[in-house]
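A closer look at the structure
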Amino acid sequence: MSDNRIAATSTRFQFSSLGSLGVEAKSNFQNIGDAAIAPCDINALKVAMAKHGVALFRHQAVDDAQFVAFLRRLGPLTFTAGETPVDQHPDLNIVSNMGRTTPPKSVFHIDSSYFADPPAYTALRAVTIPRVGGETLFSNQYLAFDTLPNAVQHKLADAMVSHVATGVVLTEHEERQSWHPLFLKHPISGKRSLYLSTPARCQAIRDMPDAQAQRIIKLLYRHSIRPSRLLRHAWQTGDILIWDNRCTMHRADHEQVSGDRVLHRGLVLAGVQGSASPAA
């Protein structure tokens with residue numbers, strides 16, 4: 001039997017592969033709120049996400065206060081204007097299908113990429129899991145870049161994409177647009193990813209006619225989300241899922257959902273770069 005553990009420097013986490021994307025994090029810690037989790041363990045988690053995109057923690061009997069405390073160890077928390085905050089925990093927002101007459105809509109995207117400093121990590125804590133459906137899907141944006149033809153990589157090597165806000169109500173003083181590299185070099189892994197969000201939020205490529213830019217963005221987006229390359233996560237009670245927005249896109253599957261689906265979400269900024277280094 002092959003050993004799926006991923007080497008990490010000085011950590012008590014063990015990371016088991018979920019396939020071509022993602023790892024499950026296991027340890028002898030009681031849960032992510034355990035005070036014994038050391039900075040080297042946080043460092044190893046960041047490295048694992050930088051390499052593999054997504055980290056899954058199962059059987060986490062934690063409340064929102066413990067969830068927030070753990071996320072703050074990854075970096076400063078941020079909040080997307082227009083979302084519904086969790087009662088008594090304004091750093092978190094509610095993701096829910098409750099009270100809706102039609103299913104929510106979700107397409108592959110990156111969270112808040114219209115920020116000049118977008119969140120490096122997104123985390124979800126399972127609160128209420130539906131009886132059927134409600135999975136979260138992820139794309140591997142490293143693989144999306146690596147499988148582009150060399151000519152495309154060369155032609156678009158310096159491309160900058162305009163990311164804009166959609167679907168949220170913002171004041172005139174809140175961020176709503178920012179430019180980011182199309183091919184983003186990850187500050188921890190050093191690898192390049194195809195840094196895209198849904199085409200509705202990627203509206204221009206600098207110094208390129210709009211029609212041509214939109215055609216290229218849509219082609220690259222479809223290239224990124226080929227079904228054979230996706231990770232599909234089926235939620236269980238006690239799950240916490242954290243992913244690196246710099247090398248993944250994600251969406252919820254709201255088709256055929258039976259029952260309430262409630263998750264609490266936290267967004268984490270990168271903080272000081274260089275706080276994590278690649279594992280051996």
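The present account deals with the structure reproduced in this document. None of the values given here were measured: they were computed from a predicted structure.

Rules used in this analysis
Residues numbered from 1 in each chain as written. Predicted model: local features only at pLDDT ≥ 70, side-chain atom pairs only at ≥ 80, totals over all residues. Heavy atoms only, no water. Pairing = 2+ DSSP bridges. Helix = DSSP H or I, 4+ residues; strand = E, 2+ residues; numbered from the N terminus. Axes fitted to C-alpha atoms, helices over the stretch in contact; angles between N-to-C directions. Contact = heavy atoms within 4.5 Å. Expected span 1.5 Å × (residues − 1). Buried < 20%, exposed > 50% of the residue type's maximum accessible area, 1.4 Å probe, protein only.

1. A look at the sheet that holds strand β13 (residues 202-205)
The 3 strands lie next to each other as β10-β9-β13, forming an open sheet whose pairing is antiparallel. With one partner strand each, in any of the chains shown, β10 (177-181) and β13 form the two edges of the open sheet. For this sheet the average axis-to-axis angle between neighbouring strands, irrespective of direction, equals 30°. Across 3 bridges, strand β9 (residues 160-164) lies against β13 in antiparallel orientation. Within the sheet, the bridge partner assigned to H163 lies in β13 and is C202. Those strands touched by helix α5 (residues 210-224) are β9 and β13, and its axis lies near 120° from that of β13.

2. Observations regarding the sheet that holds strand β14 (residues 231-233)
Taken together, 3 strands build an open sheet; the order of strands is β14-β8-β16 and the sheet is antiparallel. Pairing within the sheet leaves two strands with one partner each, and these edge strands are β14 and β16 (248-252). Each adjacent strand pair in this sheet contributes to an overall mean axis angle of 20°, direction not counted. Here strand β8 (residues 136-140) pairs with β16 via 5 bridges, running antiparallel. Its bridge partner lying in β16, S139 is registered against M249.

3. Let's talk about helix α1 (residues 39-52)
The periodicity of an α-helix, 3.6 residues per turn, causes residues three or four places apart in sequence to face the same way. Given a rise of 1.5 Å per residue, 14 residues ought to cover 20 Å, and the 20 Å separating the end C-alpha atoms of α1 matches this to within 8%. By the criterion of burial, α1 is predominantly enclosed, with 10 of the 14 residues buried. Those residues of α1 lying buried are D41, I42, N43, A44, L45, K46, V47, A48, M49 and A50.

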